[in-house]
Amino acid sequence: MKRLLLLSTAFLLLWLPSACAVVGMDAFVADTDTADPGNSFIPIPAVYEVYTTIKNLGESGFMNHPEDLFLAPDDTVYVADGENNRVLQMTREGQVLRVITEGCGMKLKKPRGVYVHTDGSIWIADTGNLRIVTLNADLSDRKVYVKPDSSLLGANFTFDVQKIFVANTGYIYALKGANLIALDEANNFRGYLGADKVGFSLSRFLIRLFGSKSQIERTVKQEPASYSNFFIGADNMVYGILSNKNTAQIRKLNSVGTNTYPEETYGFTLPNRAAGAEKKELEPTFSDITVEDNGIITVVDRGTGLIYQYDQDGNLLCCFGGQGDAGGLFQIPVSIDADSEGYLYVLDYQNNEITVFKPTHFIQLVHQAVTLHGEGRYGEALVYWKQALEIDSNYALAHRGVAKIMGKQEDWESALRSYELANDREGYSEAFAEYRHEYFRHHFLLVVILAAAAVFCFVKLLALAKRKADQWADDVQMGRGLK
């Protein structure tokens with residue numbers, strides 16, 4: 001019977017549209033999933049569907065290894081088309097509106113980043129020319145930023161920035177290599193932002209303390225984890241992703257560079273089934289991050305093509321995408337952004353195309369519930385969580401959301417049921433402790449009476465046992481005396 005059940009389940013999963021199938025890394029397909037407490041795939045309803053794919057740009061030809069895209073305030077798409085030495089502005093459907101090939105007196109050379117300010121100004125990381133070019137909304141020249149004149153920057157420092165954002169404070173944040181650097185409007189260097197801590201190594205410390213000069217020189221300098229991309233959200237927080245780290249890959253930096261995002265492990269570690277692969281497992285290698293106005297965080301993994309979506313508490317909402325040539329799959333996704341309607345745009349470096357995803361009704365319900373819950377509007381959030389559960393009764397995050405709201409309302413019995421359905425042991429334990437405390441508080445007299453009765457019965461039993469024992473001892477003594 002067990003084998004028959006397993007076979008039936010496997011057959012159903014093969015036919016369900018939300019199942020996850022791993023055929024090999026050259027044909028990796030992962031539809032819509034989320035994770036259980038053990039970080040395993042759990043199929044859920046589709047969260048995004050392919051709206052369109054932008055590749056052939058008509059008279060503008062094709063993109064050639066583009067590296068960055070950005071959604072302007074008016075929802076037009078800007079792309080840094082690196083190998084074609086240009087920046088494109090286009091509509092959601094792929095209609096090219098403008099082609100930018102020069103700025104501030106020079107032709108663009110392998111631009112790797114683009115940003116559009118709320119005032120309409122266009123900021124281009126003109127990487128090949130070692131500068132940042134800024135243009136006004138009408139494409140007239142605005143200003144050029146080059147290597148800052150600062151003693152804090154070494155002689156070998158090159159100003160080959162890859163991505164740009166401008167904060168409301170006026171500071172310009174740029175990704176340079178593995179570091180986030182800050183500049184002001186006057187092109188002054190304002191320091192590095194959010195450098196990761198380097199762990200202590202006893203062996204390295206001892207070598208530096210007692211080793212010879214040659215040993216010290218051979219000691220490998222331990223570098224902090226490097227940033228691969230970043231984004232400034234509507235809350236003015238800097239969201240970054242670390243590329244060479246297994247935990248805390250997603251960071252949320254405040255004004256002083258302190259991470260305020262939960263330091264957990266993000267993304268799935270997947271088996272590498274490619275022929276001749278050196279590594280048996282593929283660790284997540286996030287290439288870009290975007291944050292919608294409602295706080296929803298979306299990251300893309302260039303190694304597997306998977307797209308992960310999280311809330312502000314680090315909870316995984318969904319995972320979709322994968323590697324392949326079919327619609328909705330990628331080869332090397334390098335950039336992601338979202339427009340005001342929640343559409344996701346993913347730029348593929350290898351396929352030279354943009355895939356536009358439209359959110360489904362299910363994920364819109366989840367986003368609404370998460371947003372309202374974060375704002376403390378629990379009654380409204382509960383409505384959306386329940387609607388999401390009507391579509392997928394096994395969606396653990398919705399059960400957990402309902403459980404938390406029931407806890408806020410001190411309905412601990414309902415909270416316990418929802419935590420059980422969510423398979424959340426930690427939440428269940430906390431709710432049970434509250435339920436027990438609440439029960440004792442409301443039934444204090446009954447509890448005291450029962451406890452007193454239990455103690456009384458226990459004492460009586462002990463006394464009875466003692467009498468029986470004494471009687472048995474007397475009987476034994478009398479028996480010996482008779483003998």
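Position labels on residues start from 1 in each chain and follow its written sequence. Whole-chain, interface and lining totals are the exception, using all residues; otherwise, since this is a predicted model, local features are given only for residues with pLDDT of at least 70 and side-chain atom pairs are given and counted only at 80 or more. As a rule here, side-chain values cover all heavy atoms of the structure and leave hydrogens and water aside.

Further remarks concern the pattern of salt bridges. Just to be clear on terms, a salt bridge is a Lys or Arg side-chain nitrogen sitting within 4 Å of an Asp or Glu carboxyl oxygen. On inspection of all chains with the given rule, the structure shows 16 salt bridges. Of the charged contacts in the structure, one is a salt bridge between Asp235 and Lys252, with a shortest N-O distance of 4.0 Å. Here Asp235 is found in the loop between β19 (227–232) and β20 (238–242), whereas its partner Lys252 is found in strand β21 (residues 250–253), with 17 residues between them in sequence. Where Arg377 meets Glu380, a salt bridge forms, and the shortest distance between an N and an O atom there is 2.8 Å. The classification of residues rests on relative accessible area computed with a 1.4 Å probe and restricted to protein chains. Under 20% of the type maximum is buried, over 50% is exposed, and intermediate values are partly exposed. The class of Arg377 is partly exposed, set by a relative accessible area of 37%. Residue classification places Glu380 among the partly exposed positions, given a relative accessible area of 39%. Three or more residues joined by partner-sharing salt bridges are found here, namely Asp68, Lys163 and Asp288. Secondary structure elements are taken from DSSP: a helix is a run of H or I of four residues or more, a strand is a run of E of two residues or more, and numbering for both begins at the N terminus.

Ranked by internal contacts, the top residues of the largest apolar core, which has 62 residues, are Ile250, Val299 and Tyr308. Sequence-distant contacts of Val299, that is, excluding residues within four places in its chain, are made with Ile241, Ile250, Phe286, Asp288, Ile289, Leu306, Ile307, Tyr308 and Tyr310. Among buried residues, the Ala, Val, Leu, Ile, Met, Phe, Trp, Tyr and Cys ones that are joined through side-chain atoms within 4.5 Å form a nonpolar core. Core analysis: the second largest hydrophobic core is formed by 39 residues, Val300, Leu389, Ala398 and Ala431 among them. The contact criterion used is simple: two residues touch if any of their non-hydrogen atoms lie within 4.5 Å.

Quick look at the pairing of strand β26 (residues 306–310) now. Across the five residues of β26, five count as buried, placing the element largely inside the fold. When DSSP finds two or more bridges between two strands, those strands count as paired. Here strand β25 (residues 297–301) runs beside β26; their pairing, made up of four bridges, is antiparallel. Among the inter-strand pairings, Val300 is bridged to a residue of β26, identified as Ile307. Linking β25 back to β26 in an antiparallel pair, the connection comprises four residues, with Gly305 at a positive phi of about 75°. One ladder, built from five bridges, connects β26 with strand β27 (residues 316–321); its direction is antiparallel. Bridge pairing in β27 places Tyr310 opposite Leu316. Connecting the antiparallel pair β26 and β27 is a turn made up of five residues, with Gly314 showing a positive phi of about 85°.

What the four strands build is an open sheet, ordered β15-β16-β17-β18; its pairing is antiparallel. Because the sheet does not close on itself, it has two edges, and the strands there are β15 (163–166) and β18 (189–192). Within this sheet the neighbouring strands show an average axis-to-axis angle of 25°, counted without direction. Axis geometry follows a simple rule: fit a line to the C-alpha atoms, using only the stretch in contact for helices, then measure angles between N-to-C directions, giving values from 0 to 180 degrees.

In this section: a negative patch on the surface. A cluster of acidic side chains, namely Glu410, Glu426, Glu430 and Glu434, defines a negative patch on the protein surface. Tracing the sequence through the fold places Glu430 in helix α8 (residues 425–442). Surface patches are defined over residues having more than 30% relative accessible area and no salt bridge, joining like charges when they lie within 9 Å and nonpolar side chains (Val, Leu, Ile, Met, Phe, Trp, Tyr) when within 5 Å. All accessible-area figures derive from a Shrake-Rupley calculation using a 1.4 Å probe, and residue coverage is judged against the displayed protein chains alone. In this tally Asp and Glu are treated as negative and Lys and Arg as positive; neither His nor the chain ends contributes. Positions of charges follow a simple convention, taking NZ of Lys, CZ of Arg, CG of Asp or CD of Glu.

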